[in-house]
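Summary of structural features
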Amino acid sequence: MRRVVFNQKGGVGKSTITSNLAAIAAAHGKRVLVIDLDCQGNTTRYLLGEAADEPLAGSADFFAQTLKFSVRDSDGSEFISETAWDGLHVMAASPELDELHAKLESRYKIYKLRDALLKLEKQYDEIWIDTPPALNFYTRSALIAAQGCLIPFDCDDFSRRALYGLLEAVQEIQADHAPDLHVEGIVVNQFQARASLPQRVVQELLDEGLPVLQPYLSASVKVKESHELSRPMVHLDPRHKLTQELVALYESLPG
């Protein structure tokens, strides 16, 4: 299964959701690859910790080699690093992604990631892709390469209004490039059950028939600690409420 976590809005928890669900998949005995396409590298830092400071071959190197002529297309395996947890690997991000963007777009390398992941499927049970907060070359590449799309959602009116544009963007890419792509669901993040606004906004999504996934992910300072320690929640505090919500969310996903 190839999944992308996508939202054009920053700060909605894409990296946190990607990293934690992938870590849970690996803890369930799956062979899991995480691909970080955000030049900020938050997912890379979260999963690799201090190792992220070392020179690593990663997603920028993968895309850079697509700009050179080669008889054989690479599957990207040489750009993958192991994490501290069994079964969990990452293709690390770096600031060079930003430098490559214009060249990749002008040379129309939009299908290269999909082609590589189709080859890597033999090595992994699940592939998770974290995207930058923009609908750019990398995000489109990820959507074309994926089968399922998860959309993190902050419980405010701005996020609700932006959601329709996100769904239209996914539908357009599905129609033009990726017939296997579908929205698996909207992941409600930073949910505060006792506040009226989040409850009302989420209920509006449900009333409109949108695919809102359950359980909702609670707001918690514990996740900030997990970021600081570079330990996904399932490895930091398996009994924590948020960890249990993440596990239940993962187990609710098909395939």
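Per an unreviewed UniProt entry, the chain goes by the name ParA family protein and belongs to Pelomonas margarita.

All right, on to the pairing of strand β2 (residues 32-36) then. Counted residue by residue, β2 has 5 buried out of 5 residues, so it is predominantly covered. Neither face of β2 is open: one carries V32, V34 and D36, the other L33 and I35, and all of them are buried. The pairing of β2 with strand β5 (residues 126-130) spans 5 bridges and is classified as parallel. Following the sheet pairing, D36 is matched in β5 by D130.

One can find S19 in helix α1 (residues 14-27). The class of S19 is buried, set by a relative accessible area of 0%. Separated by 2.9 Å, the side chain of S19 and the backbone oxygen of S15 make a polar contact. Beyond its immediate chain neighbours, meaning those up to four positions away, S19 contacts T43, Y46 and L47.

For the coordinates displayed, the defined rule picks out 7 aromatic pairs. Here F191 and Y216 contribute two aromatic rings whose centre-to-centre distance is 4.9 Å and whose plane-to-plane angle is 65 degrees, an arrangement assigned as edge-to-face. Of this pair, F191 sits in the loop between β7 (182-189) and α8 (196-207) while Y216 sits in the loop between α8 and α9 (222-229), and the two are 25 residues apart along the sequence. The class for Y216 is buried, based on a relative accessible area of 17%.

Let us now look at the packing of helix α3 (residues 59-66) against helix α4 (residues 96-106). To describe two helices that pack against each other, one gives the angle between their axes and the distance between the axes. At a closest axis distance of 9 Å, the pairing of α3 and α4 adopts a crossing angle of 25 degrees. Comparing the axis directions of α3 and α4 gives the class roughly parallel. In the crossing of α3 with α4, the sense of the turn from one axis to the other is left-handed. For the pair formed by α3 and α4, the contact residues are S59, A60, F63, A64 and T66 on the first element and E96, L97, L100 and L104 on the second.

A few words on the environment of E50. As for its position among the elements, E50 is in the loop between α2 (42-48) and α3. Classification of E50 by relative accessible area gives exposed; the value is 68%. Sequence spacing of E50 and S230 is 180 residues, and the spatial spacing of their C-alpha atoms is 8.5 Å.

Counting residues in each nonpolar core, the largest one holds 51 residues, and the members touching the most others are I35, F63, L113, I129 and L163. With 6 residues, helix α6 (residues 137-145) is the largest single contributor of residues to this core. Once residues lying within four places of it in the same chain are set aside, the contact partners of I35 are M91, L113, L117, I127, W128, I129 and D130. One finds L21, V187, L246 and L253 within the second-largest nonpolar core, a separate group that totals 31 residues.

Turning our eyes to something else, we now look at the packing of α4 against α6. Where α4 contacts α6, the two axes come as close as 9 Å, and the packing angle between them is 70 degrees. When the axis of α4 is compared with that of α6, the two are roughly perpendicular. Facing α4, whose interface residues are L97, D98, L100, H101, L104 and E105, α6 presents F137, Y138 and R140. Residues belonging to the contact of α4 with α6 are distributed by class as follows: 5 nonpolar, 1 polar and 3 charged.

Going through the model one piece at a time under the given rule, you end up with 9 salt bridges. For R31, the salt bridge identified is with D125, shortest N-O distance 3.2 Å. Here the residue R31 occupies a position in the loop between α1 and β2, and D125 occupies one in the loop between α5 (112-120) and β5, the gap between them amounting to 94 residues. Classification of D125 by relative accessible area gives partly exposed; the value is 30%. Note that K222 is salt-bridged to E225, the shortest N-O span being 3.3 Å.

Moving on: a negative patch on the surface. A cluster of acidic residues, D61, E96, D98 and E99, forms a negative patch on the protein surface. Examining the composition of the negative patch, we find that 3 residues originate from one element, α4, more than from any other. Among the structural elements, D61 can be located in helix α3.

At the junction of Q214 and P215, the peptide bond is cis and its omega measures out at 0 degrees in the coordinates. Its location among the elements puts P215 in the loop between α8 and α9. Its identity as a non-glycine residue notwithstanding, Q190 has a phi of 55 degrees, on the positive side. Examined against the element boundaries, Q190 turns out to sit in the loop between β7 and α8. Despite not being glycine, S230 shows a phi value in the positive range, around 55 degrees. With respect to the helices, strands and loops of the structure, S230 is situated in the loop between α9 and α10 (233-236).

About the thresholds
- Residues numbered from 1 in each chain as written.
- Predicted model: local features only at pLDDT ≥ 70, side-chain atom pairs only at ≥ 80, totals over all residues.
- Heavy atoms only, no water.
- Buried < 20%, exposed > 50% of the residue type's maximum accessible area, 1.4 Å probe, protein only.
- Helix = DSSP H or I, 4+ residues; strand = E, 2+ residues; numbered from the N terminus.
- Pairing = 2+ DSSP bridges.
- Polar contact = N/O pair within 3.5 Å; in protein donor to acceptor, adjacent residues only side chain to side chain.
- Contact = heavy atoms within 4.5 Å.
- Phe/Tyr/Trp six-rings, centres within 6.5 Å; stacked < 30°, edge-to-face > 60°.
- Axes fitted to C-alpha atoms, helices over the stretch in contact; angles between N-to-C directions.
- Parallel < 35°, antiparallel > 145°, perpendicular 65-115°, else oblique.
- Left-handed = near helix turned anticlockwise from the far one by under 90°.
- Core = buried A, V, L, I, M, F, W, Y, C linked by side-chain atoms within 4.5 Å.
- Nonpolar A, V, L, I, M, F, W, Y, C, P; charged D, E, K, R; others polar.
- Salt bridge = Lys/Arg side-chain N within 4 Å of Asp/Glu carboxyl O.
- Patch = residues over 30% accessible without salt bridge, like charges linked within 9 Å, V, L, I, M, F, W, Y side chains within 5 Å.
- Areas by Shrake-Rupley, 256 points an atom, 1.4 Å probe, with all protein chains shown as cover.
- Lys, Arg positive; Asp, Glu negative; His and termini not counted.
- Charge placed at Lys NZ, Arg CZ, Asp CG, Glu CD.

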